[in-house]
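Survey of secondary and tertiary structure
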Amino acid sequence: MATTISGALVALAVATPAHATNEINIDHFQARSGSVSMLVSADGLPEGTVADEKSLSVTVDGNPVEASVDTAASGEIERSTVLVVDTSMSMSKGDKYDAAVAAVNAYLEATPAEIAVGLVTFAGKVKEQIAPSTDRAAVLAAVQGAKLTRGTSVYDAIDAASELVGTDGARSLLVLSDGADTNSSTTLAVASNDATNAGVVVDVVALQGSGRAAEISTLADKTGGRVIPADPDALSSVLVEQGDALAGQLLVEFEIPQGVSGEASVDVTVSASDLSYSDSAYVDLGAAPAIGAPDVVKSSKALVSTPVMLLGALALFLGLGGVLSVALTGPRGPSTAEARLDSYFAGTDPQSGASRRKRRAHTEAASLRQSALAVADKVVNADLETRIAQRLTGAGSALTASEWVLLHAGMAVGGSAVGFLMGGAVLGILGLITGTVVPWIYLKWRHRRRLNAFNGQLAQTLGLMAGGLQAGLSLPQAVDTVVREGHEPMAGELRRALVEQRLGVDITDALTSVGTRMDSDDFGWVVMAIRIQREVGGNLAEILHTVSDTLREREYLRRQVKALSAEGRLSGYILVGLPPLIFVYMLFSNRDYISVLYTTGLGYALLAAAVVLLGIGSWAMSKLATVKV
């Protein structure tokens with residue numbers, strides 16, 4: 001693999017691959033503590049030509065440096081490779097898999113003993129994994145005993161091998177396959193990026209007739225490897241050459257010149273048969289060592305582990321949630337009128353010691369809630385409070401506008417905290433948006449659901465009121481009959497109207513308030529009919545019967561239209577909701593694939609365009625599926 005690992009460079013851990021062009025290659029580059037170690041392969045020299053190690057020279061940014069040359073077998077740089085072997089059913093055609101076993105055996109014999117070799121086998125899924133070691137027998141036994149099954153998951157296998165090969169030294173993968181990927185959960189681009197970021201070089205041996213060389217060539221190119229076409233007869237010779245290339249690597253070491261730091265150009269030149277061969281790489285040498293400066297001491301492990309930190313954050317979140325819940329559900333405290341009435345009926349002096357102590361305890365218990373609501377009151381203006389209160393009342397909620405704002409803020413902050421703990425800043429912002437939008441959507445849904453139930457009971461309610469009027473009852477008495485015999489939400493709203501009427505509000509004005517709270521046009525028309533009848537006269541019972549029949553027919557027609565438009569509305573929900581749901585799913589399952597949308601300028605532009613198009617599509621679908629009755 002030395003001939004194929006063209007320019008895989010590692011600085012301080014791993015550096016960007018640099019591609020050699022001809023006969024010698026810089027395979028691996030490693031800078032530590034002011035010195036540099038690199039592996040150089042000379043297996044590309046013309047046949048019969050031997051490199052003169054004494055003639056090897058190194059320059060850094062054009063300035064020659066003194067370098068020492070040794071064989072890579074000295075072990076100064078750890079070398080490891082993982083064989084990724086295809087065990088799909090397609091390998092059973094002809095003698096492909098037998099040839100692959102023989103080739104792996106030849107490769108293991110040709111590879112130097114100090115190089116750690118591992119194995120990953122795959123078919124429809126990743127199967128056996130053996131960590132890199134010097135135990136060649138275990139690798140060969142696993143390849144010989146593998147069972148061929150259906151499917152090909154080469155990208156998943158490359159991902160697994162990239163993790164298996166570790167993070168230290170010169171690392172490479174040798175993929176042996178004959179079929180295109182059919183089952184991987186990841187993609188070629190993701191596997192390529194992961195291998196490149198990890199500094200792992202991937203060489204691919206594609207058996208002839210597979211047609212995958214062009215498809216997977218980008219993976220080899222990005223990691224500094226290459227695709228090697230081979231037929232089963234020539235497979236052993238190809239892998240033997242790979243093993244010989246590793247055996248012929250040279251270890252070159254030199255000190256970083258004073259004053260040189262950061263990225264620099266490193267050139268290596270060697271002579272052979274009166275000709276010179278060279279390769280260059282643009283690498284990161286790290287920060288220049290300070291003369292006389294003490295060595296940097298690496299920090300030890302954190303005092304608190306990640307799980308403990310997450311548990312602490314969760315405990316903090318639950319504590320804040322508990323404070324919020326006490327603030328919203330705690331005792332409200334008696335008003336002044338209630339306190340006077342209580343003391344009067346109890347026969348005690350409101351200023352007595354016992355009464356004062358009782359009121360003080362009650363006040364202290366309610367202080368937290370009152371303080372929180374006082375802050376919320378400052379945020380809520382009169383217009384906003386009116387709109388929120390109307391929506392809450394219509395939804396049947398007992399919360400006040402200030403309580404709703406406080407609860408809403410807590411849900412937004414809590415959603416942001418949970419999202420941040422689960423996935424960082426992106427999910428934190430997504431949780432903040434969710435905590436801000438979802439409560440309003442829920443409140444609107446609950447109001448619509450209660451309104452639908454209210455309108456559904458309206459025809460029956462008018463029938464009951466008309467019957468009461470025909471029996472000689474007054475309008476308030478007929479309304480009281482519905483309150484006693486009806487169901488929620490109609491009974492509750494009319495009960496409130498009766499309370500207002502008994503406090504001096506005209507019954508028609510109280511009923512108008514019901515229509516306003518419920519945002520019901522049908523009920524508004526009923527109240528209008530009652531007003532007209534009271535002004536011009538007429539038989540109110542007959543009017544209510546007529547309106548009841550009309551509303552019953554309209555409700556029947558409305559439900560029929562709703563049933564006929566259900567398919568269109570469901571299609572709209574799916575088409576609008578599917579892209580955001582897939583985005584959230586990809587954040588958890590394959591974040592690298594979706595991260596380009598929120599880490600690049602083009603991604604932000606695409607997200608903005610997607611939001612605009614989704615908004616237009618949602619508006620269009622709602623207009624197509626909405627039929628007013």
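Residues numbered from 1 in each chain as written. Predicted model: local features only at pLDDT ≥ 70, side-chain atom pairs only at ≥ 80, totals over all residues. Heavy atoms only, no water.

Counting across every chain of the model gives 14 salt bridges. The partner of R517 in a salt bridge is E500, and the shortest N-O contact between them spans 3.8 Å. Taken together, the positions of R517 in helix α15 (residues 507–518) and E500 in helix α14 (residues 490–502) put the pair 17 residues apart, joining distant regions of the chain. R517 sits in the buried class, given a relative accessible area of 9%. (Salt bridge = Lys/Arg side-chain N within 4 Å of Asp/Glu carboxyl O. Helix = DSSP H or I, 4+ residues; strand = E, 2+ residues; numbered from the N terminus. Buried < 20%, exposed > 50% of the residue type's maximum accessible area, 1.4 Å probe, protein only.)

Glancing now at α14. Between its terminal C-alpha atoms α14 stretches 18 Å, which fits the 18 Å expected from 13 residues at 1.5 Å a residue. The set of residues buried in α14 consists of M490, A491, G492, E493, L494, A497, L498 and E500. Phi turns positive one or two residues past the end of α14, at G504, with a value near 115 degrees. (Expected span 1.5 Å × (residues − 1).)

So, about a nonpolar patch on the surface. There is a patch of nonpolar side chains on the surface, built from L570, Y573, I574, L578 and I582 and spanning about 510 Å² of accessible area. Structurally, the position occupied by I574 is in helix α18 (residues 566–589). By relative accessible area, which is 46% here, I574 ends up partly exposed. (Patch = residues over 30% accessible without salt bridge, like charges linked within 9 Å, V, L, I, M, F, W, Y side chains within 5 Å. Areas by Shrake-Rupley, 256 points an atom, 1.4 Å probe, with all protein chains shown as cover.)

Per the stated rule, a full pass over the model turns up two aromatic pairs. Between Y442 and W445, the aromatic rings sit 5.9 Å apart at their centres with planes inclined by 35 degrees, giving tilted as the arrangement. Taken as a pair, Y442 and W445 lie in helix α12 (residues 425–470) at a separation of three residues, close to a single helical turn. In this structure Y442 comes out as partly exposed when scored by relative accessible area, which is 43%. (Phe/Tyr/Trp six-rings, centres within 6.5 Å; stacked < 30°, edge-to-face > 60°.)

A word on the nonpolar core. Formed by 30 residues in total, the largest nonpolar core has its most connected members in L462, M465, L494, L511, F523, V526 and L544. Contributions of two or more residues to this core are made by α12, α13 (475–485), α14, α15, α16 (521–536) and α17 (540–564). Here the element with the most residues in this core is α12; it accounts for seven residues. Not counting chain neighbours up to four residues away, the residues in contact with L494 comprise T461, V479, V482, V483, L511 and F523. Core analysis: the second largest hydrophobic core is formed by 26 residues, I26, A51, I256 and V266 among them. (Core = buried A, V, L, I, M, F, W, Y, C linked by side-chain atoms within 4.5 Å. Contact = heavy atoms within 4.5 Å.)

Let us look at a positive patch on the surface. Judged by side-chain charge, R391, K444, R448 and K562 come together as a positively charged surface patch. Within the element layout of this structure, R448 appears in helix α12. (Lys, Arg positive; Asp, Glu negative; His and termini not counted. Charge placed at Lys NZ, Arg CZ, Asp CG, Glu CD.)

Within the secondary structure layout, R171 lies in strand β9 (residues 170–177). Overall, the relative accessible area of 3% leaves R171 in the buried class. Within the local environment of R171, its side chain forms a polar contact with the backbone oxygen of G166, the two atoms lying 3.2 Å apart. (Polar contact = N/O pair within 3.5 Å; in protein donor to acceptor, adjacent residues only side chain to side chain.)

Turning to the pairing of strand β6 (residues 79–86), a few remarks are in order. Of all eight residues in β6, eight are buried, a share of seventy percent or more. When β6 meets β9, the two strands line up parallel, connected through seven bridges. The residue bridging S80 from the neighbouring strand is R171, located in β9. Two elements, β6 and strand β7 (residues 116–122), share seven bridges in a ladder whose sense is parallel. Bridge pairing in β7 links D86 to F122. (Pairing = 2+ DSSP bridges.)

Turning our attention to the packing of helix α1 (residues 96–110) against helix α2 (residues 136–144). Contact geometry of α1 with α2 gives a least axis separation of 10 Å together with a crossing angle of 175 degrees. The orientation of α1 relative to α2 falls into the category roughly antiparallel. The residues of α2 that touch α1, namely those facing Y97, V101, V104, N105 and L108, are R136, V139, L140, V143 and Q144. Grouping the constituent residues of the contact of α1 with α2 by class yields seven nonpolar, two polar and one charged. (Axes fitted to C-alpha atoms, helices over the stretch in contact; angles between N-to-C directions. Parallel < 35°, antiparallel > 145°, perpendicular 65-115°, else oblique. Nonpolar A, V, L, I, M, F, W, Y, C, P; charged D, E, K, R; others polar.)

In the predicted model, the protein chain carries a mean pLDDT of 74, and the fraction of residues at 70 or more is 72%. Ranking the elements of the protein chain by mean pLDDT puts helix α9 (residues 353–379) last, at 51, and β7 first, at 90. Confidence over residues 288–304 falls short of pLDDT 50; this stretch has six contacts with residues more than four positions distant or in other chains. (pLDDT = per-residue confidence, 0-100.)

Look at the link from E488 to P489: it is a cis peptide, with omega at 5 degrees. Along the chain, the position of P489 falls in the loop between α13 and α14.

At a minimum axis distance of 9 Å, the contact between α12 and α14 shows a crossing angle of 80 degrees. By the criterion of interaxial angle, the relationship of α12 to α14 is roughly perpendicular. Residues R450, F454, Q457, L458 and T461 of α12 touch α14, and the partners they reach there are M490, E493 and L494. For the contact of α12 with α14, the residue count by class is four nonpolar, two polar and two charged.

By the criterion of burial, β9 is predominantly enclosed, with eight of the eight residues buried. What you see with β9 is no split at all: A170, S172, L174 and L176 on one side and R171, L173, V175 and S177 on the other are buried throughout.

Looking at the secondary structure, you find G456 in helix α12. G456 sits 99 residues away from E555 along the chain, and the two C-alpha atoms are 7.1 Å apart. Setting aside anything within four residues of it in sequence, one finds G456 in contact with E555 and R559.

What follows is about the environment of N455. Examined against the element boundaries, N455 turns out to sit in helix α12. Contacts of N455, omitting those with residues within four sequence positions, involve S520, D522 and E555.

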